[in-house]
Amino acid sequence: MRIGVLTSGGDAPGLNAVIRGAVLNGERQYGLDFIGIRDGWRGLVDADFQQLERSDVKGIGKMGGTILGSSRTNPFEGNGGIDRINQVMSDAKMDALLVIGGEGTLAAANRLAEAGIKIVGVPKTVDNDLSATDYTFGFDTAVNIATDAMDRLRTTGDSHHRCMVAEVMGRHVGWIALHSGMAAGAHAILIPERKTSLDEIVGWVQSAASRGRAPLVVVAEGFLLNTMDDAHSERGLDAFGRPRLGGIGEQLAPLIEQATGIETRATTLGHIQRGGTPSAFDRVLATRFGMNAARIISEEGWGQMVALRGTDIVTTPFEAALGQLKQVPMDRWDEAALLFG
Ligand code: F6P
């Protein structure tokens, strides 16, 4: 069987380890051939391919980014659509697809699978917001990068007796904020799942400052004050028409400064959280995802994807990844909040 591989949506550290795991295991154990599709669905619709053999994946498990490139292209828009994709696959003698992506990508994969295209998926998101899997690769790396940044913000905050606001990724969910904030000993963690008032935030900041600490406030990009209806966005829309988030930390800093009289500075970590070398945890998870995706292909388990349950890699239908987002449960935030202030 000849398998087209694509990575789609926002990148995540570990994508290359998935590709390597699939190609090595697929070739060796199951006699599969692979062909790389450039820049996600865009490359499939445009028939833009690259060689993807064992020699092409050597040493890439530790590399960030994706050797195939990625995009947020919708395969049903423009020249795309099921007929076009069937034609491209048939011309390229491609029997099936291995699609590595987040919720939007898996939704598109599900639609194509329902139309009879042979597809297997691997879930991906640094936000860790897919309910079908306990963890996605990239999340651990993002949390480690954010924690390191916060440790650094705390030392400079201490020197200047400032309040430091650290903004992390997390469009709909606050997993990166919760984990990195707890790891760094933040005095407040603000997540999209829990609207919070400025008074509450100010209370935590003042409490920390009263003990001589330089307050650290961690905020997820999708956080809303209780006075807001939508997450803060000032950078227009992405290719899927979703608001580009980022900047809530800069909005909060002057409000905190005004209310407390403590000089307050904001830092937005942004794409630094998605770049660079994946952690060992993410390399292992991504490699196992790739290896098991090759196994599912060999079993012709179309319309399914790999997922992590506990420490086991399991197989689950695409729909399981799509319905509900995996939000931070309120008892997890309440637990963290016991240490705020
Ligand atoms: O979905 C992962 C994510 O990093 C979100 O946290 C963030 O809102 C979004 O992607 C940013 O996407 P882009 O890189 O396209 O701006």
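Residues numbered from 1 in each chain as written. Predicted model: local features only at pLDDT ≥ 70, side-chain atom pairs only at ≥ 80, totals over all residues. Heavy atoms only, no water.

Draft legend 1. Examining the pairing of strand S4 (residues 96-101) more closely. For S4, the tally of buried residues reaches six of six residues, placing the bulk of the element in the interior. The two faces of S4 match: Ala-96, Leu-98 and Ile-100 on one face and Leu-97, Val-99 and Gly-101 on the other face are all buried. Pairing of strand S1 (residues 2-7) with S4, which is carried by five bridges, proceeds in the parallel orientation. Note that in S4 the partner of Val-5 across the bridge is Leu-98. Read as a crossover between parallel neighbours, the route from S4 over helix H4 (residues 103-114) to strand S5 (residues 119-123) is right-handed. (Buried < 20%, exposed > 50% of the residue type's maximum accessible area, 1.4 Å probe, protein only. Helix = DSSP H or I, 4+ residues; strand = E, 2+ residues; numbered from the N terminus. Pairing = 2+ DSSP bridges. Right-handed = clockwise from strand over helix to strand, strands pointing away.)

Draft legend 2. Highlighting the packing of aromatic side chains. Evaluated as defined, the whole model comprises six aromatic pairs. For the pair Trp-204 and Trp-333, a centre-to-centre distance of 6.2 Å together with 65° between the ring planes defines the contact as edge-to-face. Residue Trp-204 is found in helix H7 (residues 198-210), and its partner Trp-333 is found in helix H11 (residues 330-337); the two are separated by 129 residues along the sequence. With a relative accessible area of 3%, Trp-333 lands in the buried category. (Phe/Tyr/Trp six-rings, centres within 6.5 Å; stacked < 30°, edge-to-face > 60°.)

Draft legend 3. The arrangement of the sheet that holds strand S8 (residues 216-220) in detail. Within the open sheet, the four strands sit side by side as S7-S8-S6-S11. Their pairing is parallel. With partners counted over all chains shown, the strands left at the sheet margins are strand S7 (188-190) and strand S11 (264-268), one partner each. Averaged over neighbouring strand pairs, the angle between their axes works out to 15° when direction is ignored. Strand direction decides the pairing type here: strand S6 (residues 163-168) and S11, joined by five bridges, are parallel. Bridged to Ala-166 within S11 is Thr-267. Its contacts with the sheet put helix H5 (residues 139-160) on S6, S8 and S11, and the angle it makes with S6 is roughly 165°. (Axes fitted to C-alpha atoms, helices over the stretch in contact; angles between N-to-C directions. Contact = heavy atoms within 4.5 Å.)

Draft legend 4. Up close: the domain arrangement of the protein. Along its sequence, the protein is organised into domain 1 (2-137 + 278-321) and domain 2 (140-274). For domain 1 versus domain 2, the distance between C-alpha centres works out to 33 Å. Taken residue by residue, the interface counts 15 residues in domain 1 and 17 residues in domain 2. Across the domain 1 to domain 2 interface the summed buried area is about 1300 Å²; carbon plus sulfur atoms make up 54%. On the domain 1 side of the interface with domain 2, the three residues burying the most area are Arg-72, Val-126 and Asp-127, jointly 42% of the side's total. Counting every contact that joins domain 1 to domain 2 gives one salt bridge. The closest approach of N and O atoms between Asp-11 and Arg-274, which form a salt bridge, is 2.9 Å. (Domains from an automatic or database assignment. Buried area = accessible area lost by both parts, 1.4 Å probe. Salt bridge = Lys/Arg side-chain N within 4 Å of Asp/Glu carboxyl O.)

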